[in-house]
Amino acid sequence: MTSSLWQRHPLVLIVLAQLCGTSLWFSVNGVGLSLTRDLGLSEADLGRLTLSVQAGFIVGTLTLAATGLADRFRASRIFALSCLLGALANAGFVLAAAHPPLSLLLRFATGLCLAGIYPLGMKLVIGWTPRHTGAALAWLVGMLTLGTALPHLLRGSTLGLPWEWPLLGASALALLGGALILRLGDGPHLPPASGKARLLDGLAALGERRFRAVAAGYFGHCWELYALWMLTPFVVAREVARLGASSDLIPWLSFTVIALGLAGCVGGGVLSRRLGSLWVARRALAISGTLCLAYPLLPWAPPGLLLGLLALWGLTVIADSPQFSALAAASAPRERVGSTLAVMNAVGFALTIPAIAITTTLWQLQGTWVLWWLLPGPLLGLWAMRGLRELPDTPADHKGAGRQQT
């Protein structure tokens, strides 16, 4: 295959590589029920493993932003190296799963590597498709969603096999993703290196009223999103048990619920071109917030109905994510947009830690009522954005949108 043929559809290769690389994110959650049965791990133990990944990602993104590493080295090489190291750390978990200190450390290392996969994918999009960054962003966030769901698909397709196989499968996919990007290389349109980022500039940008409102909406979105993804297999397992169906359905249904977010991202991107990013972000956050309020009130409802509501929740909970990125890029001060969005991203992911910790710790005690702990996120996000108006340059096709990671 010639280089020109390989580079004819760079966006396709980038989003496929993102899908493969981000399968590492929730790889352990995909086999969570097996770990609970075979190793005696509790929901709180699984929550701590997920928290370790989130913490690693936060540390990794802040390190990249503060050191300027992402500007000093080729994005494709950082991406490929991160895929390699992430695949090794994820595979190492197979040997360390029963040894909590080491298992937590390996999940933290996986999160560090993800900081070189997802954000660098954004930079690769800028380098290859600068005129369509906003549209590509919806696909990239959608692929993050599908990558998050992929471990459940791997578990469903390996039922009857040891739980180690899906984990090793995720590592193999990460290696494939790294190879794709290494072969593709950096695009011809990457901006010049900007030197060391200044994180204090990002904090100073919160003084801008519009950006502060958009950031608050994004923070509320983050509080809800990852905790819901973490809880999805547990909620699905409850309804499958009420149906009296085989537990083999749990990974397949969990995959479906989370993977529907891809359609939500892409559909939201299409709507934002006509109605604006703010319109889409508000409605998606309002719908997911309404489901968060209503779901625990319907424990008596037929399991099929509750699974349908959960599917709608999976569709809408991530649909606002690309639009918050576009809004933030349009609202941030031009002279410090990079550091501003880096800080916003880090704060948003930091908020996922208490949300996951609270919900996984209380699941055994509260069941589906624990979902109400997610409700403050959508409520505060909508309240913060109550006075915002759509700007002419905030649809999803805004060029700056590609700089933000979700």
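Given the structure is predicted, the values throughout are model-derived calculations rather than measurements.

Caption draft 1: Structural view of the overall build of the chain. Each helix and strand in the chain was counted, giving 19 helices and zero strands. Sorting the 406 residues of the chain into buried and exposed places 58% on the buried side. When contacts within the chain are restricted to residue pairs at least 6 apart in sequence, long-range pairs at least 24 apart make up 86% of them. Looking at the chain as shown, the accessible area adds up to about 15,600 Å², and 69% of this sits on carbon and sulfur atoms.

Caption draft 2: Examining the packing of aromatic side chains more closely. Scanning the entire structure with this criterion turns up twelve aromatic pairs. Pairing Trp-25 with Phe-349 gives two aromatic rings, centres 5.8 Å apart and planes at 25 degrees, and the pair type is stacked. Taken as a pair, Trp-25 in the loop between α2 (10–21) and α3 (27–30) and Phe-349 in helix α18 (residues 337–366) lie far apart in primary sequence, 324 residues in all. The exposure class of Trp-25 is buried, given its relative accessible area of 1%. Judged by relative accessible area, which is 1%, Phe-349 ranks as buried. Put simply, the rings of Trp-25, Phe-26, Phe-57, Tyr-226, Trp-229 and Phe-349 pair up and form one aromatic cluster. The ring of Trp-383 has Arg-386 sitting right over it, with the charged end atom 4.0 Å from the ring centre.

Caption draft 3: Structural context of the environment of Ile-287. Summarising the element assignment, Ile-287 is placed in helix α15 (residues 277–294). Overall, the relative accessible area of 38% leaves Ile-287 in the partly exposed class. Spatially, the C-alpha atom of Ile-287 lies 8.1 Å from that of Val-317, the residues being 30 residues apart in sequence.

Caption draft 4: Spatial organisation of the packing of helix α5 (residues 43–67) against helix α8 (residues 100–114). Packing of α5 against α8 brings their axes to within 6 Å, and their N-to-C directions diverge by 40 degrees. With respect to α8, the element α5 is oriented oblique. Pair α5 / α8 crosses with right-handed handedness. Where α5 approaches α8, its residues Arg-48, Leu-49, Ser-52, Val-53, Ala-55, Gly-56, Phe-57, Val-59 and Gly-60 are matched on the opposing element by Ser-103, Leu-104, Arg-107, Phe-108, Gly-111, Leu-112 and Leu-114.

Caption draft 5: Examining the side chain of Gln-54 more closely. In this structure, Gln-54 sits in helix α5. A residue is classified by how much of its surface remains accessible, and Gln-54, at 0% relative accessible area, is buried. In this structure the side chain of Gln-54 is engaged in a polar contact, spanning 2.7 Å, whose partner is the side chain of Trp-25. Not counting residues up to four positions away in its chain, the partners in contact with Gln-54 are Trp-25, Tyr-226, Phe-349, Thr-352, Ile-353 and Ile-356.

Caption draft 6: Structural context of the nonpolar core. Counting 108 residues, the largest nonpolar core has Trp-25, Tyr-226 and Trp-313 as its most contacted members. No other element matches helix α13 (residues 209–243), which puts 19 residues into this core. Apart from residues no more than four positions distant in its own chain, Trp-313 is found in contact with Glu-224, Leu-228, Ser-288, Leu-291, Cys-292, Tyr-295 and Leu-371.

Caption draft 7: Up close: empty space enclosed by the protein. Under the definition given, this model contains one cavity of 30 Å³ or more. For the largest cavity, the calculated volume is near 40 Å³. The wall of the largest cavity is formed by Asn-29, Gly-32, Leu-33, Leu-46, Met-230, Pro-233 and Phe-234. At the level of secondary structure, the elements contributing two or more residues to the lining of the largest cavity comprise α4 (32–38) and α13. A total of three residues in the lining of the largest cavity trace back to one element, the largest contributor, which is α13. Split into classes, the residues belonging to the lining of the largest cavity amount to five nonpolar, two polar and no charged.

Caption draft 8: Local environment of the pattern of salt bridges. Evaluated as defined, the whole model comprises four salt bridges. Notably, a salt bridge pairs Glu-239 with Arg-238, separated by 2.5 Å at the nearest N-O pair. On the accessibility criterion, Arg-238 (25% relative accessible area) is partly exposed. Where Glu-239 meets Arg-242, a salt bridge forms, and the shortest distance between an N and an O atom there is 2.8 Å. With Glu-239 and Arg-242 both in helix α13, this residue pair falls three residues apart, about one helical turn. In this structure Glu-239 comes out as buried when scored by relative accessible area, which is 0%. Ionic contacts of the salt-bridge type, sharing partners, join the residues Arg-238, Glu-239 and Arg-242 into one network.

Caption draft 9: Structural view of a nonpolar patch on the surface. Where nonpolar side chains cluster on the molecular surface, the patch consists of Leu-81, Leu-84, Leu-85, Leu-88 and Leu-175 and spans about 450 Å² of accessible area. Top contributing element to the nonpolar patch by residue count: helix α7 (residues 75–96), with four residues. Mapped onto the secondary structure, Leu-88 falls in helix α7. The exposure class assigned to Leu-88 is exposed, which follows from its relative accessible area of 55%.

Caption draft 10: Broad picture of the packing of α13 against helix α14 (residues 249–275). In contact at an axis separation of 9 Å, α13 and α14 are set at 130 degrees when each is read in the N-to-C sense. One finds that α13 runs oblique with respect to α14. Note that α13 runs across α14; the crossing there is right-handed. Facing α13, whose interface residues are Trp-229, Thr-232, Pro-233, Val-236, Ala-237 and Val-240, α14 presents Leu-249, Ile-250, Leu-253, Ser-254, Val-257 and Ile-258. Along the lines of polarity and charge, the residues of the contact of α13 with α14 split into ten nonpolar, two polar and no charged.

Parameters and conventions
Numbering of residues starts from 1 in every chain and runs along the sequence as written. Two thresholds apply to this predicted model, a pLDDT of at least 70 for residue-level local features and 80 or more for giving and counting side-chain atom pairs, whereas whole-chain, interface and lining totals are computed over all residues. Excluded from the side-chain calculation are hydrogens and water; included are all heavy atoms of the structure. Every helix listed is a DSSP run of H or I at least four residues long, and every strand listed is a run of E at least two residues long, numbered separately from the N terminus. Working definition: with a 1.4 Å probe on protein chains only, accessible area under 20% of the residue-type maximum means buried, over 50% means exposed, and in between means partly exposed. Whether two residues touch is decided by their heavy atoms; if any such pair falls within 4.5 Å, the residues are in contact. Calculation of accessible area relied on Shrake-Rupley with a 1.4 Å probe; when residues are assessed, cover is drawn exclusively from the protein chains displayed. Here the aromatic set is Phe, Tyr and Trp, taking the six-membered ring for Trp, and pairing holds for ring centres within 6.5 Å; pairs whose planes are under 30 degrees apart are stacked, those over 60 apart are edge-to-face, and all others are tilted. The criterion for a charge sitting over a ring is simple: Lys NZ or Arg CZ within 6 Å of the ring centre, and within 35 degrees of the ring normal. In this analysis, axes come from line fits to C-alpha atoms, helices being fitted only over the stretch in contact, and the angle between any two N-to-C directions falls in the range 0 to 180 degrees. Note that the term roughly parallel is reserved for angles under 35 degrees, roughly antiparallel for angles over 145, roughly perpendicular for angles of 65 to 115, and oblique for everything else. Crossing handedness follows the turn of the near helix against the far one: under a right angle anticlockwise gives a left-handed crossing, and clockwise gives a right-handed one. Polar contacts, as counted here, are pairs of nitrogen or oxygen atoms within 3.5 Å of one another; within protein the pair requires one atom able to donate a hydrogen and one able to accept it, and residues that are adjacent in sequence qualify only if both atoms are side-chain atoms. For our purposes a nonpolar core is just a set of buried Ala, Val, Leu, Ile, Met, Phe, Trp, Tyr and Cys residues, chained together by side-chain atoms within 4.5 Å. With a 1 Å grid spanning the protein atoms alone, the term cavity applies to any set of points in which a 1.4 Å probe fits but cannot get out, the term pocket to an open set with protein on both sides within 12 Å along at least five of seven lines, and the term lining residue to any residue with an atom within 4 Å of a point. Grid points are joined across faces, edges and corners, and a volume is the space filled by probe spheres set on the points. Note on residue classes: Ala, Val, Leu, Ile, Met, Phe, Trp, Tyr, Cys and Pro are nonpolar, Asp, Glu, Lys and Arg are charged, and everything else, Gly too, is polar. Note on definitions: salt bridges are taken to be side-chain nitrogens of Lys or Arg within 4 Å of carboxyl oxygens of Asp or Glu. The patches described consist of residues with a relative accessible area above 30% and no salt bridge, like charges being joined within 9 Å and nonpolar side chains (Val, Leu, Ile, Met, Phe, Trp, Tyr) within 5 Å.

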